[in-house]
Amino acid sequence: MVCLGNICRSPLAEGILANKCKELDVFVDSAGTSSYHIGQAPDPRSQCIAKKYGIDISNQKARHFQYSDFESFDIIYVMDSSNHNNVIALAKTETDREKVKLILNEIKPEMNSPVLDPYFGGDQGFETAYQLLDQACEIIKTNIENEL
Ligand code: 4NP
């Protein structure tokens with residue numbers, strides 16, 4: 001799960017998918033395309049919305065997306081087209097590029113809708129991000145179950 005800062009959207013996405021896949025043999029992680037917040041816990045507003053739905057993301061620490069993530073992960077979900085461009089810029093092979101997907105395309109295929117960045121806005125943005133990510137992660141979980 002990749003966003004810009006790895007403190008708002010992708011930690012939520014990581015927490016939601018990891019929570020849904022507790023019984024599955026799946027490793028979920030998140031990272032940011034920027035180095036702004038490396039080492040920081042998720043934004044308190046992300047922690048709060050996750051907690052509202054019974055998910056604890058307080059132990060996560062922001063890290064920078066790196067090339068080795070292409071080798072470590074089967075799928076790299078990004079939140080918006082800017083994240084997409086930043087991650088694709090680091091790809092070396094067609095196999096790397098094929099791993100990168102806009103997460104909301106799981107709900108609305110090929111629409112390329114973003115999970116809007118809630119960082120500079122109010123609490124409603126975090127609720128909206130949560131609901132969209134929850135819908136997408138439910139589909140991702142089903143996809144994983146069908147492949148295992
Ligand atoms: P995120 O949100 O990419 O969802 O973690 C942001 C967090 C921090 C900043 C921008 C977006 N920032 O500019 O510091």
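Computed from a predicted model, the values in this text were never measured in an experiment.

Draft legend 1. Focus on the nonpolar core. Within the largest apolar cluster, 28 residues are counted, with the highest numbers of intra-cluster contacts made by Met1, Met79, Ile103 and Leu133. Contributing elements (two or more residues each) for this core: helix 1 (9–20), helix 2 (44–52) and helix 6 (123–147). Considering every element that reaches this core, the biggest residue donor is helix 6, with 8 residues. Residue contacts for isoleucine 103: discarding those within four places in its chain leaves Met1, Tyr77, Val78, Met79, Val115, Leu133, Ala136, Cys137 and Ile140. Phe65, Phe73, Val87 and Ala91 belong to the second-largest nonpolar core, a separate cluster that totals 11 residues.

Draft legend 2. Region of interest: the packing of aromatic side chains. Enumeration over the complete set of coordinates arrives at 5 aromatic pairs. Geometrically, the ring pair formed by tyrosine 53 and tyrosine 130 is stacked, given 4.2 Å between the ring centres and 15° between the ring planes. Placement of the pair is tyrosine 53 in the loop between helix 2 and helix 3 (68–72) and tyrosine 130 in helix 6, with a sequence separation of 77 residues. Grouping aromatic residues by their ring pairs yields a cluster made of Phe65, Tyr67 and Phe70.

Draft legend 3. Just the pattern of salt bridges, in detail. As enumerated under the stated definition, the model contains 10 salt bridges in all. Its salt-bridge partner being lysine 20, residue aspartate 134 comes within 2.9 Å of it at the nearest N-O pair. Of this pair, aspartate 134 sits in helix 6 while lysine 20 sits in helix 1; the two residues are 114 residues apart in sequence, bridging distant segments of the chain. Owing to a relative accessible area of 22%, aspartate 134 belongs among the partly exposed residues under this scheme. Looking at lysine 20, the relative accessible area reads 18%, which means it is buried. The shortest N-O distance in the salt bridge between lysine 20 and glutamate 138 comes to 2.7 Å. Taken together, the residues lysine 20 in helix 1 and glutamate 138 in helix 6 connect sequence positions 118 residues apart.

Draft legend 4. Up close: the site of the ligand. Close to the ligand lie Cys3, Leu4, Gly5, Asn6, Ile7, Cys8, Arg9, Tyr36, His37, Asp117, Tyr119 and Phe120. Within the backbone of isoleucine 7, one N or O atom sits 3.0 Å away from an oxygen atom of the ligand. Protein burial of the ligand: of its 350 Å² of free accessible surface, 92% is covered by the chains. Broken down by class, the residue content of the shell around the ligand amounts to 7 nonpolar, 3 polar and 2 charged.

Draft legend 5. Examining the packing of helix 1 against helix 6 more closely. Viewed as axis vectors pointing N to C, helix 1 and helix 6 meet at an angle of 40°, and their least axial separation amounts to 9 Å. As far as their axial angle goes, helix 6 and helix 1 are oblique. Remark: the crossing between helix 1 and helix 6 carries right-handed chirality. The segment helix 1 lies against helix 6, with Arg9, Leu12, Ala13, Ile16, Leu17 and Lys20 engaging Phe126, Tyr130, Leu133, Asp134, Cys137, Glu138, Ile140 and Lys141. A per-class count over the contact of helix 1 with helix 6 returns 9 nonpolar, no polar and 5 charged.

Rules of the game
Residues numbered from 1 in each chain as written. Predicted model: local features only at pLDDT ≥ 70, side-chain atom pairs only at ≥ 80, totals over all residues. Heavy atoms only, no water. Core = buried A, V, L, I, M, F, W, Y, C linked by side-chain atoms within 4.5 Å. Buried < 20%, exposed > 50% of the residue type's maximum accessible area, 1.4 Å probe, protein only. Helix = DSSP H or I, 4+ residues; strand = E, 2+ residues; numbered from the N terminus. Contact = heavy atoms within 4.5 Å. Phe/Tyr/Trp six-rings, centres within 6.5 Å; stacked < 30°, edge-to-face > 60°. Salt bridge = Lys/Arg side-chain N within 4 Å of Asp/Glu carboxyl O. Near = heavy atom within 4 Å. Polar contact = N/O pair within 3.5 Å; in protein donor to acceptor, adjacent residues only side chain to side chain. Areas by Shrake-Rupley, 256 points an atom, 1.4 Å probe, with all protein chains shown as cover. Nonpolar A, V, L, I, M, F, W, Y, C, P; charged D, E, K, R; others polar. Axes fitted to C-alpha atoms, helices over the stretch in contact; angles between N-to-C directions. Parallel < 35°, antiparallel > 145°, perpendicular 65-115°, else oblique. Left-handed = near helix turned anticlockwise from the far one by under 90°.

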